[in-house]
Amino acid sequence: MICSVLSMVVTSVLFLVGVAFFIVTERKGLGMVQLRQGPNKVGLKGIVQPVSDGVKLFTKGWVYPASSNKFLFLMGPFVCFFISFMGWVLFPSSNPSYFFGFSTMFFLSLSCLNVYGVILVGWSSNSQYALLGCMRAVAQSLSYELVMSTVLLCPLLFFGCFELFSFRESGLVFSMISLEVGFIWFICVLAETNRAPFDFVEGESELVSGYNVEFGGFGFALIALAEYGSILLMSLVSFILFFGGLCWLSLVGNMLMGLGVVLVSYIIVCVRGSYPRFRYDMLMEFCWKCLLPFSIGILVLFLGVLVWL
């Protein structure tokens, strides 16, 4: 019991600290990609920038538009943060705070709930720009959730279970069996987390920062923590699904898993600095006409191989 409580507390603290430092890591990484300086004034090479940003945002007043639905406007950021924070129950450590046999199904349920937080934030503002941003997010998330769910079934069929712990205990690396599934999964991760080149929710030229345009200070900080927390959670699940066999249940395995999460997260940052934003119609066409038929074909192929074996 004590180990479970300590594991939950440590995971929660590391989640918040990791998200804060991941934001400044992205800013410095984009600066390196674009041949410019990132944050470098606060502390040594900007290492204390997350503390400065957190103090600035959390001490600012909470301002809301006069025409907004005030209760939902105040509740929206908390809903986004709570849904993102709940995902870390899935953290497959050696001493988990919770253990249940359908962790991947719980992950899919949480990824679907993210839509409600986004549409609550955008709709409660009563702003046309925020409403357009949240409607884009809903259409994009619902489309790519179909592909992501279909692709997720491939490793589940191969391992024959729904537990992330079993991926670590198996000693098998699924990416060496089907690398194309990993590529499709990574594209879905970018679309689900609203990252470039699929960051149409925050298209500054036409949406003025998207669904969170009316938020500042404390509310904006919660939304940012939720967004970047989802990126770290997706990086964790991605690494466990496709490279979990390398992370055996030990201290060395946990360190390797943490290194893998950092690597996947930094790849997401590099993609943002390398690729331009696509058109929205190209995004939806790519999902429904390319990714979805291809993912269904791969799933049918896996089913045929399993039945034949």
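Everything quoted here is computed from the prediction, not taken from an experiment.

Criteria and cut-off values
- Residues numbered from 1 in each chain as written.
- Predicted model: local features only at pLDDT ≥ 70, side-chain atom pairs only at ≥ 80, totals over all residues.
- Heavy atoms only, no water.
- UniProt positions renumbered as here; feature names shortened; annotations may be inferred.
- Helix = DSSP H or I, 4+ residues; strand = E, 2+ residues; numbered from the N terminus.
- Contact = heavy atoms within 4.5 Å.
- Expected span 1.5 Å × (residues − 1).
- Buried < 20%, exposed > 50% of the residue type's maximum accessible area, 1.4 Å probe, protein only.
- Salt bridge = Lys/Arg side-chain N within 4 Å of Asp/Glu carboxyl O.
- Patch = residues over 30% accessible without salt bridge, like charges linked within 9 Å, V, L, I, M, F, W, Y side chains within 5 Å.
- Areas by Shrake-Rupley, 256 points an atom, 1.4 Å probe, with all protein chains shown as cover.

Q: With reference to specific residues and values, describe the UniProt feature "transmembrane region" (unreviewed entry) in the protein chain.
A: UniProt annotation of "transmembrane region" (unreviewed entry) refers to residues 6–24, 71–91, 97–123, 144–165, 171–191, 231–251, 257–275 and 287–308 when read in the numbering used here. As annotated, residues 71–91 comprises 76% helix and 0% strand, and the C-alpha atoms at either end are separated by 32 Å. Helix makes up 82% of residues 144–165 and strand 0%, whereas the separation of the span's terminal C-alpha atoms amounts to 26 Å.

Q: Kindly report on the side chain of Thr104, identifying the contributing residues and their values.
A: Take Thr104: it is sitting in helix α4 (residues 103–124). Dropping the residues within four chain positions of it, Thr104 is found in contact with Leu152, Leu156, Phe162 and Leu164.

Q: Break down helix α7 (residues 179–192) for me, citing the residues and quoting the values.
A: The end-to-end C-alpha separation of α7 is 20 Å, in line with the 20 Å expected for 14 residues at 1.5 Å each. Among all positions of α7, only Val181, Gly182, Ile184, Trp185, Cys188, Val189, Leu190, Ala191 and Glu192 are buried. Elements that come into contact with the buried residues of α7 comprise α4, α5 (128–159), α9 (218–243), α10 (251–274) and α11 (280–308). Taken from the residues just after α7, Asn194 is the one with a positive phi, measuring 60°.

Q: I'd love a proper account of the pattern of salt bridges, names of residues and values included.
A: If you walk through the whole model with that rule in mind, you get 6 salt bridges. The salt bridge involving Arg27 is made with Asp53; its shortest N-O contact spans 3.1 Å. One end of the pair, Arg27, is in helix α1 (residues 2–33); the other, Asp53, is in helix α2 (residues 49–59), with 26 residues separating them in the sequence. When its relative accessible area of 19% is taken as the criterion, Asp53 is described as buried. Note that Arg277 is salt-bridged to Asp199, the shortest N-O span being 3.0 Å.

Q: With reference to specific residues and values, describe a nonpolar patch on the surface.
A: Together, Val9, Val13, Val17, Phe21, Leu44, Ile47, Val48, Val51 and Val55 make up a nonpolar patch on the protein surface, roughly 760 Å² of accessible area in all. Within the secondary structure layout, Phe21 lies in helix α1.

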